[in-house]
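Descriptive analysis of the structure
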Amino acid sequence: MLSMIGLLGGLILLIVLTLRGVNLFIAAPVCALLVALSSDMAIFPVTAQSNFINAYMDGFAGFLSAWFFMFLLGSLFGKFMEDTGAADSVASYIVGKLGMKHAVLAVVIACAVLTYGGVSVFIVAFSVYPMALSLFKDANLPRRFIPATLAFGSVTFTMTSAGSPEIQNWIPVKYLGTSPYAAWEVSLVVAIFMAIVGYYWLNKMIKKAVANGEHFNAREDDPVILERKRPHPITGVIPLLVVLLLSFTLHDVLQQTALIVALLGGVLSIVIINFKHFHNMANAINVGTTGALVAIGNTAAVVGFGAVAKVSPAFTAAVDAMTQMPGNELVGAAVAVSVIAGLTGSASGGQAIALPLVAPQYLEMGVNPEQLHRVVAISSGALDTLPHNGYVVTTIRAICKETHQRAYWSMAALTALVPLAGVALALGLFIIF
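**Comments concerning the packing of aromatic side chains**
The geometry of an aromatic ring pair is captured by two quantities: the separation of the ring centres and the angle between the planes. Using the criterion set out here, one finds 15 aromatic pairs in the structure. Between Phe 80 and Phe 278, the aromatic rings sit 5.1 Å apart at their centres with planes inclined by 90 degrees, giving edge-to-face as the arrangement. Taken together, the residues span a long stretch of sequence, with Phe 80 in helix H3 (residues 52-83) and Phe 278 in the loop between helix H11 (257-274) and helix H12 (281-310) at a distance of 198 residues. On the accessibility criterion, Phe 278 (13% relative accessible area) is buried. Centroid distance Tyr 408 to Trp 409: 5.2 Å. Interplanar angle 70 degrees. Geometry classified as edge-to-face. The class of Trp 409 is exposed, set by a relative accessible area of 53%. One aromatic cluster is present, built from ring pairs that chain together Phe 63, Trp 67, Phe 71, Phe 122, Phe 126 and Tyr 391.

Here you go:
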């Protein structure tokens, strides 16, 4: 009981501190320490095998090791697009052709294409943000909605849909023997539903804010738009296509490493094509590398909390309770994956923990593996975007330089409530048909 109180208390405290803007390098370890103390876990690695320091740092260092080059190259890619003026050029072209009213749609489509092309959702945010900033500035839209727009195009109707190369759609393959295209008919219906409902809601929120007098507010650290000859818009599109094509074609062979090659190709293509348009390459490199370190550090700090939570007795008890729910098996799997993803702040974490437990049991009971695959994939992308989620923290704080108070609630509406509605729709379709 004490461990459960500590786990829930630590999670709630982390969410509250995150919303209040407390530095995550302080907030995450403190909240993890609360979980460890309530679970009677040793603090220092003296004699005990399981201890707070090792558990936290294994999670922290593991994420850093796995994602450092992707964050570094992704940040450089975004900064180079910004410094050369390529992002502004593409944004101006889109606004000129589609009009101001389609600025939000352009950002959503860009994110959706990159995500479905296999680019990690973290890197999509780095890559598209410079263009999104220019579009929102040209359209005079409140910049606090940029994180929600980036997230909506990345982690809702694309990330967990049939055929998506994102890891959230591939983890179930290992445990269920399915394919990434499992239950594609229902997946297509759900994806269209989430895209339409989410885009309508996003536009409604932005229009309401504009009607209340909100507009784009420039900041001192915004990139300076110099009066200079901009590169042709195609020079900003080509690097994005290079990233997309390399990631898509190399994904099956190199897996996650393909993203490093793809981003490196994107960065080099910007340098080659737009070298003469750089305003200050040295400064872009310095800002890009610093931004990458801040982004990956914030995310790793939260991952460390999840690593401590996962070795607590309360977490084990919670997983057991979630994976042994009575009633419809698909509903039970959806609830289990959603809750565990929320506790760990990770969609892939929710799947990786729940599936080894529920998959053998449900398959023996005759549950359709393709239906289970799709329900697990979609449900993992709902409650995972609580305030302490690594992607949420990185996108809001490190990339968009916003606060949770200003930017999180619109993001939560699109990345938590809309996917939950999608899960309900998928369950209804599977149960009926």
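**Brief notes about the pattern of salt bridges**
Enumeration over the complete set of coordinates arrives at four salt bridges. For Lys 79, the salt bridge goes to Glu 82, with nearest N and O atoms at 3.3 Å. Remark: Glu 82 and Lys 79 occur in helix H3; sequence separation between them is three residues, near one turn of the helix.

**Concerning the packing of helix H7 (residues 146-155) against helix H17 (residues 390-399)**
As a packed pair, H7 and H17 sit with axes 10 Å apart at the nearest point and diverge in direction by 140 degrees. Judged on the interaxial angle alone, H17 and H7 are oblique. Note on packing geometry: the crossing formed by H7 with H17 is right-handed. Facing H7, whose interface residues are Pro 147, Leu 150, Ala 151, Ser 154 and Val 155, H17 presents Tyr 391, Thr 395 and Ile 396.

The rules behind each value
- Residues numbered from 1 in each chain as written.
- Predicted model: local features only at pLDDT ≥ 70, side-chain atom pairs only at ≥ 80, totals over all residues.
- Heavy atoms only, no water.
- Phe/Tyr/Trp six-rings, centres within 6.5 Å; stacked < 30°, edge-to-face > 60°.
- Helix = DSSP H or I, 4+ residues; strand = E, 2+ residues; numbered from the N terminus.
- Buried < 20%, exposed > 50% of the residue type's maximum accessible area, 1.4 Å probe, protein only.
- Salt bridge = Lys/Arg side-chain N within 4 Å of Asp/Glu carboxyl O.
- Axes fitted to C-alpha atoms, helices over the stretch in contact; angles between N-to-C directions.
- Parallel < 35°, antiparallel > 145°, perpendicular 65-115°, else oblique.
- Left-handed = near helix turned anticlockwise from the far one by under 90°.
- Contact = heavy atoms within 4.5 Å.

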